[in-house]
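Coordinates in review
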Amino acid sequence: MSSSPAASRPSVLFVCVHNAGRSQMAAAFLTHLAGDRVEVRSAGSAPVDSVNSAVVEAMKEVGIDITAETPKILTVEAVQASDVVITMGCGDTCPVFPGKRYLDWQLDDPAGQAVEAVRPIRDEIEGRVRALISQVIPH
């Protein structure tokens, strides 16, 4: 059996509490910018029913449609299947496994914020995702 290109792709998991804002934006940016060169997941320790509408609007402004996304529960399996786990305010609810790279991005929470307040969070996430791509995707 030959190994498929997908087997060698790095995998990144973005985690925030509700999986309705920061982690959804980060996952969407990484998917948009890196395409199939990386496997992207997002999850929340206490996911809500739907993605934050101001977040959806802010992402549409930069040409990324996340209206079809739904918040997902954080599972041990998702963490185990990821090379890089990036937390965004979920604290100690994220399981830690040896051999994984963990990053914690301190970002304002867009929950309950208007789109005007979400834009700077979105832009900060985009910058961090662009930097992440250069670190995790082989050149």
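That block above? That's the structure.
Report follows, based on the coordinates. (Residues numbered from 1 in each chain as written. Predicted model: local features only at pLDDT ≥ 70, side-chain atom pairs only at ≥ 80, totals over all residues. Heavy atoms only, no water.)

This brings us to the side chain of Ser23. As for its position among the elements, Ser23 is in helix H1 (residues 22–34). On the basis of relative accessible area, Ser23 is assigned to the buried category, the value being 0%. Contacts of Ser23, omitting those with residues within four sequence positions, involve Phe14, Val15, Cys16, Ser42, Ala43 and Met88. (Helix = DSSP H or I, 4+ residues; strand = E, 2+ residues; numbered from the N terminus. Buried < 20%, exposed > 50% of the residue type's maximum accessible area, 1.4 Å probe, protein only. Contact = heavy atoms within 4.5 Å.)

Turning our attention to the pattern of salt bridges. In this structure the tally under the stated criterion is 7 salt bridges. The partner of Arg128 in a salt bridge is Glu124, with the nearest N and O atoms 2.6 Å apart. A residue pair is termed a helical-turn pair when its members lie 3 or 4 positions apart in one helix, as Arg128 and Glu124 do in helix H4 (residues 115–136) at 4 residues. Judged by its relative accessible area of 24%, Arg128 is partly exposed. Residue Glu124 is classed as partly exposed on the basis of its relative accessible area, which comes to 37%. Two residues, Arg130 and Glu126, come together in a salt bridge whose shortest N-O distance is 3.0 Å. In this pair, Arg130 and Glu126 both sit in helix H4, 4 residues apart, roughly one turn of the helix. By relative accessible area, Arg130 is classed as partly exposed at 47%. (Salt bridge = Lys/Arg side-chain N within 4 Å of Asp/Glu carboxyl O.)

Summed over all chains, the structure comprises 1 aromatic pair. A ring pair is formed by Phe14 and Trp105, whose centres lie 5.9 Å apart and whose planes are at 50°; its orientation type is tilted. In this pair, Phe14 is assigned in strand S1 (residues 11–16) and Trp105 in the loop between strand S4 (101–104) and H4, connecting sequence segments 91 residues apart. As far as burial versus exposure is concerned, Phe14 and Trp105 are alike and both buried. (Phe/Tyr/Trp six-rings, centres within 6.5 Å; stacked < 30°, edge-to-face > 60°.)

These results come straight from atomic positions and should not be treated as a statement about function.
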